[in-house]
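# Survey of secondary and tertiary structure
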Amino acid sequence: MSGLVASGLVASGLGSFAGDAVDLQVQVDAISLGAIFALMAVGIGLVFGVMRLVNFAYGQLIMAGAFALAYASDRGWPVVAGIVLCFAVVLALSLAMERVVFRPLRTQSGAVMLIATFAVAFLLQSIALLWFGPLGKTATSLVELNRPVSIGGVDIRKITIVAIVTAAVCLALLVLLLNRTSIGLHMRAASLDFSTARLLGVRANLVSGVAVLIAGVLAAVVAVLLTVQYPTVTPTYALQETILVLAGVVVGGMTRLLSATLGGFLIGYVSGLLGGALPSSQSQYLPSFLFGLVILVLLVRPDGLFSRSRGVVERV
Amino acid sequence: MRARAAAVELLAPVALVAAAGVVGGLVSQTNQIYFITALISVSTVVAIYVFVGNSGVLSFGHISFFAVGVWAAGVLSIPEQEKPATMPYLFGFLSSTTVGNIPSLLIAAAVGGVFAFLVGLPLMRLSGLAAGIATFAVLGITNNVLRYYEKIGPGLNTFSSVPETTDVLQATVGAVLVVVAAFAYQRSRLGRQLRATREDPAAARAVGVSIYRQRLWAFGLSGFLAGFAGGLYIHFIPINVDAVYLDLTFTTLAMLVIGGATSLWGAVVGALFVSGLDSLLAEMEDGMTVLGVTIDLPAGSRIVVVSAIMALVLIVRPGGLTGGREVSLGGLGRRLRPAQAVAK
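Residues numbered from 1 in each chain as written. Chains lettered and ligands numbered in written order. Predicted model: local features only at pLDDT ≥ 70, side-chain atom pairs only at ≥ 80, totals over all residues.

### Digging into the overall build of chain A
- For chain A, the count of helices and strands is 12 helices and four strands.
- For 316 residues, the compact-globule estimate of 2.2 N^0.38 gives 20 Å, and the C-alpha radius of gyration of chain A, at 20 Å, lies within 12% of that figure.
- Its C-alpha atoms give chain A principal-axis dimensions of roughly 60 × 55 × 35 Å.
- By residue count, 52% of the 316 residues in chain A fall in the buried class. (Helix = DSSP H or I, 4+ residues; strand = E, 2+ residues; numbered from the N terminus. Rg over C-alpha atoms; globule rule 2.2 N^0.38 Å. Buried ≥ 20, exposed ≤ 12 C-beta atoms within 10 Å, placed from the backbone.)

### Re the overall build of chain B
- Looking only at helices and strands, chain B features 14 helices and two strands.
- Each principal axis of the C-alpha atoms in chain B carries an extent, and together these give about 60 × 60 × 35 Å.
- Taken across its 344 residues, chain B has 54% of its residues classed as buried.
- For chain B, contacts bridging at least 24 residues in sequence account for 80% of all contacts bridging at least 6. (Contact = placed C-beta atoms within 7 Å.)

### Describing the confidence of the model for chain B
Residue and element names in this part refer to chain B.
- Here chain B averages 88 in pLDDT, and 95% of its residues register 70 or above.
- Considering only residues more than four positions removed or in separate chains, one finds that residues 332-344, a stretch of pLDDT under 50, has 31 contacts.
- The ipTM, which scores confidence in the relative placement of chains, is 0.86 for this predicted complex, and the corresponding pTM is 0.88. (pLDDT = per-residue confidence, 0-100.)

### A closer look at the interface of chain B and chain A
- Across the boundary between the two partners, chain B contributes 34 residues, which contact 35 residues of chain A.
- The element best represented in the side of chain B that touches chain A is helix α7 (residues 128-148) of chain B, accounting for 11 residues.
- Its residues assigned to classes, the side of chain B that touches chain A comprises 27 nonpolar, six polar and one charged. (Nonpolar A, V, L, I, M, F, W, Y, C, P; charged D, E, K, R; others polar.)

### A short note on the packing of helix α2 (residues 29-55) of chain B against helix α8 (residues 168-187) of chain B
Residues and elements named next belong to chain B.
- Following both chains from N to C, one finds α2 and α8 inclined at 15°, their axes separated by 9 Å at the closest point. Classified by the angle between their axes, α2 and α8 sit roughly parallel to one another. Of the two possible hands of crossing, α2 and α8 adopt the one that is left-handed. On α8, the residues that touch Q32, F35, I36, L39, I40, V42, S43, V46, A47, Y49, V50 and N54 of α2 are V168, A171, T172, G174, A175, V178, V179, A182, Y185 and Q186.
- Taken together, the residues of the contact of α2 with α8 sort by class into 16 nonpolar, six polar and no charged. (Axes fitted to C-alpha atoms, helices over the stretch in contact; angles between N-to-C directions. Parallel < 35°, antiparallel > 145°, perpendicular 65-115°, else oblique. Left-handed = near helix turned anticlockwise from the far one by under 90°.)

### Some remarks on the pairing of strand β2 (residues 148-151) of chain A
Residue and element names in this part refer to chain A.
- Two strands pair when backbone bridges link them, and β2 and strand β3 (residues 154-157) are joined in this way by four bridges, in the antiparallel orientation. Across the sheet, the residue bridging to V149 is I156, located in β3.
- Hairpin connection, β2 to β3: the antiparallel pair is bridged by two residues, and G152 has positive phi, about 55°. (Pairing = 2+ DSSP bridges.)

### Quick notes on helix α6 (residues 158-180) of chain A
- Taking 1.5 Å of rise per residue, 23 residues should cover 33 Å, and α6 of chain A covers 32 Å from first to last C-alpha, within 8% of that figure.
- Those residues of α6 of chain A not exposed but buried are I159, T160, A163 and A167 of chain A. (Expected span 1.5 Å × (residues − 1).)

### Thoughts on α2 of chain B
Residues and elements named next belong to chain B.
- Between its first and last C-alpha, α2 extends 39 Å over 27 residues, near the 39 Å set by a 1.5 Å rise per residue.
- Of all the bends in α2, the greatest measures close to 40° and is centred on Y49.
- The buried count for α2 comes to 20 of 27 residues, which makes it a mostly enclosed element.
- Taken from the residues just after α2, G56 is the one with a positive phi, measuring 75°. (Bend = angle between axes of the 7 residues up to and from the residue.)

### Quick look at the packing of α2 of chain B against helix α12 (residues 246-259) of chain B
All names here are of chain B.
- Relative to each other, α2 and α12 sit at 70°, their axes nearing to 9 Å. Of the possible angle classes, the one that applies to α2 and α12 is roughly perpendicular. Residues S41, T44, V45, I48, Y49 and V52 of α2 form the contact with α12, whose own contacting residues are T252, M255 and L256.

### So, the confidence of the model for chain A
- Overall, the prediction assigns chain A a mean pLDDT of 85, with 90% of residues at 70 or greater.
- Contacts for the low-pLDDT stretch residues 311-316 of chain A, under 50 throughout, to residues beyond four places or in other chains number two contacts.

### Details of unusual backbone geometry
- Unusually for a residue other than glycine, R52 of chain A sits at a positive phi of about 55°.
- Looking at the element boundaries, R52 of chain A is found in the loop between α2 (21-51) and α3 (58-74).
- Phi at S161 of chain B takes a positive value of approximately 65°, unusual for a residue other than glycine.

### Section: the environment of H235 of chain B
All names here are of chain B.
- Looking at the secondary structure, you find H235 in the loop between α11 (211-234) and α12.
- Once the C-alpha coordinates of H235 and F159 are considered, the two residues, 76 residues apart in sequence, prove to be 10 Å apart.
- Aside from chain neighbours lying at most four places away, what touches H235 is A73, N101, V162, P163, E164, T165 and T166.

### Concerning the environment of Q60 of chain A
Residue and element names in this part refer to chain A.
- Structurally, the position occupied by Q60 is in helix α3.
- A tally of 28 C-beta atoms within 10 Å means that Q60 is categorised as buried.
- Between the C-alpha atoms of Q60 and A219, which are 159 residues apart in sequence, the distance is 9.3 Å.
- Leave out the neighbours within four places in its chain, and Q60 touches A121, L124 and Q125.

Okay, here's the thing in structure tokens:
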């Protein structure tokens, strides 16, 4: 299995080197999927860093945003209004989640918090099911972006470029925020050692609120980008992606935001490449290949591919 | 004194299960479904508890062992002449073999146990989030393979013509057996060693306990029981691959955490509480009259209410309904077990 993946990677690497048109398309698609996954990974990793909480309900935020977009396009609203609605819905939900669920559970164990976010995910999903039905709705206002543009003889869909650029801009802004502002400093301090940071005057509720808010902004951005490529919005929208990103974040290394982001990007990229490289008779087993890889990496590097490795066993 | 305390710890959950069984035997045919579902949930949740509760390591993979139990029992007990209709691509030996009720349950358990053991061999070296995600990956792979590999089962089709042998009696006996097995394990030398690693890994290692080996035993046993529960389930209702994936994983884990993940009593209480709540709401969706007031919830609202209550219970009582403690007569003096052990 790993041999197959490795050969796939080598083959596509060579392909892009040779400028092979078809493989370049696969490459660009894979990079754009990786970029979207990286944004989700940042959303999950940021909240984990500050609150030590794995937010399984992150995918449902994206789902809610996607439904907002679908609702707007149903009513024939202008694109901008739809995007504004999407951001409003996702941010309101994020803040409500933080206030009602995350904050009271902040001192609890990781397992309790994780199960609580399951419950929230379930709740949002079943509300969507009740509201929109299992078949969901379609968001069509931005499908224009699926049109290809020709660059150097290669047809590339506009959305892939938009996704890559958007992700790069978002990440750059986030890096600036974390490194150049005092709230960023507070967040970095909190993610290193929450209780010491509090002793030194970092306000816990503010920091976790801002982390959740940024994660929400990213979720809304992802919702906009994803609905262009997958316009049919159902109650399980983005669920599969969230699971993959969670796996990617852990594979990358959850303790640092950078390694988590790289992990998210990597799993999106590999998933895109494998999807392009596997013959169609085997493409239905794509999830098995991906999860198999995840297990392999975790066995070799349990702390994450990109983390600075510590001893596996904590000393007393 | 210790023997009496032990007897209480075993008898309380068994009595609760038996009571559910007796009531289930008395109610009307239509309501029996709820009780059988609840009793199978007890088997499933207790199976998960054997590993998660005793080791303190969260596993998302147990529904894969449940699923292979479903597949083993389902495929093997469908009558030979019915097999080509839903499973035309089956391996020769599977399509030419049909086994009875009890053997199929035992085979389901064995398949679940062996699968869990094999998966555990590499995976039990992991802990923390890595272990959680790796077990999740196992679930993803199992589901993906069962969904598309039609030589070992119906693929995307729903199982049909599986003899429906799981009645209230079998579900009750099954749940009691699982509870007794879980109890016997946690009182055994192996179980105590594993619980020691949960409370303090470093100290447990210092006195010579192998964390890896103890987790592996528990994982295998837990997979065995989960496979058995899967066997019971497929002999109860026809299901397809979607029924043994994420939803079931979350529901069963939520039952465990809501009951209190670190005690057998918690696992049983959680399973019965959530199942009971779910059944009640299902009735309300059909319209139910309580004290002259007719409650009629819109269809589909029960999952909304159940998940909202799950979140609420966790916020108000993060240790679960039982606080993760076993039953004790005295109550005082025995409350040593911290509720936050399922953290790493």
